[in-house]
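Next come the chains, spelled out residue by residue.
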Amino acid sequence: MVPSTTDQELPQGYPEHLGGTFELRDGRTVSIRAILPSDAAEITDAIEAADRETLLHRFFTAAPHLTNEQIHYLAEVDYRRRLALIADDDEGRGVAIARYECHPKSCVAEVAVVVAPEWRGQGLATEMLRQLEDPARDNGFEAFDAVYLPSNDAVARVFRNLNYSPARIKDGLSTVSKVLA
């Protein structure tokens, strides 16, 4: 679903066909769409407002210090080798983000997802990661992998539900993978 804005020109390659409306288990709905560069300010706000656990699970530190350049890197993707999806609530506020980033010179991409606490456990992370699979395949990726803290049981369940490999633990991190058949 393309954002309803007439002031903003869509970036080159913007995948207007991605996303749509998704109904959560509790009946709430979200709109899922590809990220836009203008989402950078909302990413900054979300990181500043995030609880310690969310930051630790996403960035492996409870206090990430992201520069403006890093925030813009997160918001400005090429929609092929790097793609991110945003889920907005019915008031247009971002409640989740899922992304893939290519490994250099590889047909494998790393995926990650973060969902605001009050939106967790409703199938949103699973749906967003699932929606990344087709564009990744279409863009030549053969597999996804993901790295997370072994204590993050919720994300481990999401990856199991999506048929990722059993977790391999090394250097205090869990890694899972999935072939994109």
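This section reports on the structure supplied with the text. (Residues numbered from 1 in each chain as written. Predicted model: local features only at pLDDT ≥ 70, side-chain atom pairs only at ≥ 80, totals over all residues. Heavy atoms only, no water.)

### What about the overall build of the protein chain?
For the protein chain, the helix and strand inventory stands at five helices and eight strands. Ordered by position from N to C terminus, the α and β elements of the protein chain give β-β-α-α-α-β-β-β-α-β-α-β-β. Accessible surface, the protein chain as shown: approximately 10000 Å² in total, 50% of it carbon and sulfur. (Helix = DSSP H or I, 4+ residues; strand = E, 2+ residues; numbered from the N terminus. Areas by Shrake-Rupley, 256 points an atom, 1.4 Å probe, with all protein chains shown as cover.)

### Quick notes on helix α3 (residues 68-75)
Ile71, Leu74 and Ala75 are the residues of α3 that are buried. In a view along the axis of α3, the buried residues occupy a sector of 95°, so they form one face of it. (Buried < 20%, exposed > 50% of the residue type's maximum accessible area, 1.4 Å probe, protein only. Arc of directions from axis to C-beta.)

### A few points about the sheet that holds strand β2 (residues 29-34)
Spatial strand order, β1-β2-β3-β4-β5-β6-β8-β7: eight strands in an open sheet with mixed pairing. If you trace the sheet from one side to the other, it starts and ends with β1 (20-23) and β7 (168-170), each paired once. The average angle at which neighbouring strand axes cross in this sheet is 25°, direction not considered. One ladder, built from seven bridges, connects strand β4 (residues 94-102) with strand β5 (residues 108-115); its direction is antiparallel. Directly across from glutamate 101, in β5, lies its bridge partner glutamate 110. Strand contacts of helix α5 (residues 153-161): β5, β6 (143-148) and β8 (173-179), with the helix running at about 165° to β6, the strand carrying the most contacts. (Pairing = 2+ DSSP bridges. Axes fitted to C-alpha atoms, helices over the stretch in contact; angles between N-to-C directions. Contact = heavy atoms within 4.5 Å.)

### A short note on the pairing of β8
Here β8 shows a buried face lined by Ser174, Val176 and Lys178 and an unburied face lined by Leu173, Thr175, Ser177 and Val179. Counting the residues in the hairpin turn of β7 and β8 gives two residues, including aspartate 171, whose phi is positive at 55°.

### Some words on the nonpolar core
One finds Val30, Ile35, Tyr100, Leu124, Leu129, Phe144 and Phe159 to be the most contacted residues of the largest nonpolar core, which totals 51 residues. Ranked by residues supplied to this core, first place goes to helix α4 (residues 124-138) with six residues. If we ignore the near neighbours within four places in the chain, the residues touching valine 30 are Gly20, Thr21, Phe22, Leu24, Ala87, Asp88, Val95, Trp119 and Leu124. (Core = buried A, V, L, I, M, F, W, Y, C linked by side-chain atoms within 4.5 Å.)

### Comments concerning α5
Those residues of α5 not exposed but buried are Val155, Ala156, Val158 and Phe159. With its buried residues spanning 155° around the axis, α5 presents them on a single face. Of the exposed residues in α5, those oriented more than 90 degrees away from the buried face are Arg160 and Asn161. Buried residues belonging to α5 abut β5, α4, β6 and β8. At the C-terminal side of α5, asparagine 163 shows a positive phi close to 65°.

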